[in-house]
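Analysis of the macromolecular model
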Amino acid sequence: MIAVYFGKDDFSTHEALSALRDELDTDGMLADNTTRFDGPSARPDELLAACQTVPLLGGHRLIVAHGL
């Protein structure tokens with residue numbers, strides 16, 4: 001699944017991201033399988049590598065890139 005949250009309303013985007021985290025964290029391992037990037041300084045190859053990494057001992061992996 002790919003979800004993109006974009007807009008000027010930061011509160012709503014943070015709420016949507018929080019709801020997605022809650023939905024995906026069924027096994028309690030999402031915190032260990034979450035990678036965060038600062039959008040302007042993130043390199044495309046880093047983002048691609050993170051997206052292709054298999055979740056460790058969990059069912060889901062979450063990649064968050066702020067400010068792309």
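An account of the accompanying structure is given in this report. (Residues numbered from 1 in each chain as written. Predicted model: local features only at pLDDT ≥ 70, side-chain atom pairs only at ≥ 80, totals over all residues. Heavy atoms only, no water.)

1. Comments concerning the overall build of the protein
To keep it simple, the criterion reads: For the purposes of this entry, the term helix denotes a DSSP run of H or I that reaches at least four residues, the term strand denotes a run of E that reaches at least two, and both are numbered from the N terminus. The buried label applies to any residue whose accessible area, calculated with a 1.4 Å probe on protein chains only, is under 20% of its type's maximum; exposed applies above 50%, and partly exposed to all values in between. Here, residues are in contact when the closest pair of their heavy atoms is within 4.5 Å.
Within the protein, the secondary structure is distributed over 2 helices and 2 strands. The linear arrangement of helices and strands in the protein, starting from the amino end, is α-β-α-β. With the C-alpha coordinates aligned to their principal axes, the bounding extent of the protein is approximately 35 × 30 × 15 Å. For the protein, the residues scored as buried account for 21% of the 68 residues in total. Here the analysis covers contacts within the protein between residues at least 6 apart in sequence; of these, 58% occur between residues at least 24 apart.

2. A look at a nonpolar patch on the surface
The test is simple: Patch criteria: residues need more than 30% relative accessible area and no salt bridge. Like-charged residues are merged within 9 Å; nonpolar side chains of Val, Leu, Ile, Met, Phe, Trp and Tyr are merged within 5 Å. Values of accessible area rely on a 1.4 Å probe in the Shrake-Rupley scheme; residue burial ignores everything except the protein chains shown. We count a salt bridge whenever a side-chain nitrogen from Lys or Arg sits within 4 Å of a carboxyl oxygen from Asp or Glu.
Judged by side-chain polarity, Ile2, Val4 and Phe6 come together as a nonpolar surface patch covering roughly 470 Å² of accessible area. Of note, Phe6 is situated in the segment before helix H1 (10-24). For Phe6, a relative accessible area of 77% translates into the label exposed.

3. Let's talk about the nonpolar core
Rules: Here, the term nonpolar core denotes a set of buried Ala, Val, Leu, Ile, Met, Phe, Trp, Tyr and Cys residues that are joined through side-chain atoms within 4.5 Å.
In terms of nonpolar packing, the biggest core is built from 6 residues, these being Leu17, Leu20, Leu24, Leu30, Leu62 and Val64. Among the elements of the structure, H1 and strand S2 (62-66) are those that each provide at least two residues to this core. Ranked by residue count, the leading element in this core is H1, at 3 residues. Ignoring any residue separated from it by four or fewer positions in sequence, one finds Leu30 in contact with Arg21, Leu24, Asp25, His60, Arg61 and Leu62.

4. Focus: the pairing of S2
Across a regular strand the side chains alternate sides, sitting on one face of the sheet and then on the other. So the rule is basically this: A pair of strands is labelled paired if DSSP reports no fewer than 2 bridges between them. We call a crossover right-handed when, viewed with both strands directed away from the observer, the connection leading from the first strand over the helix to the second proceeds clockwise.
Relative to S2, strand S1 (residues 34-38) runs parallel, the two sharing 5 bridges. Pairing of Thr34 across the sheet is with Leu62, part of S2. Once you follow S1 into helix H2 (residues 44-52) and on to S2, the crossover reads as right-handed.

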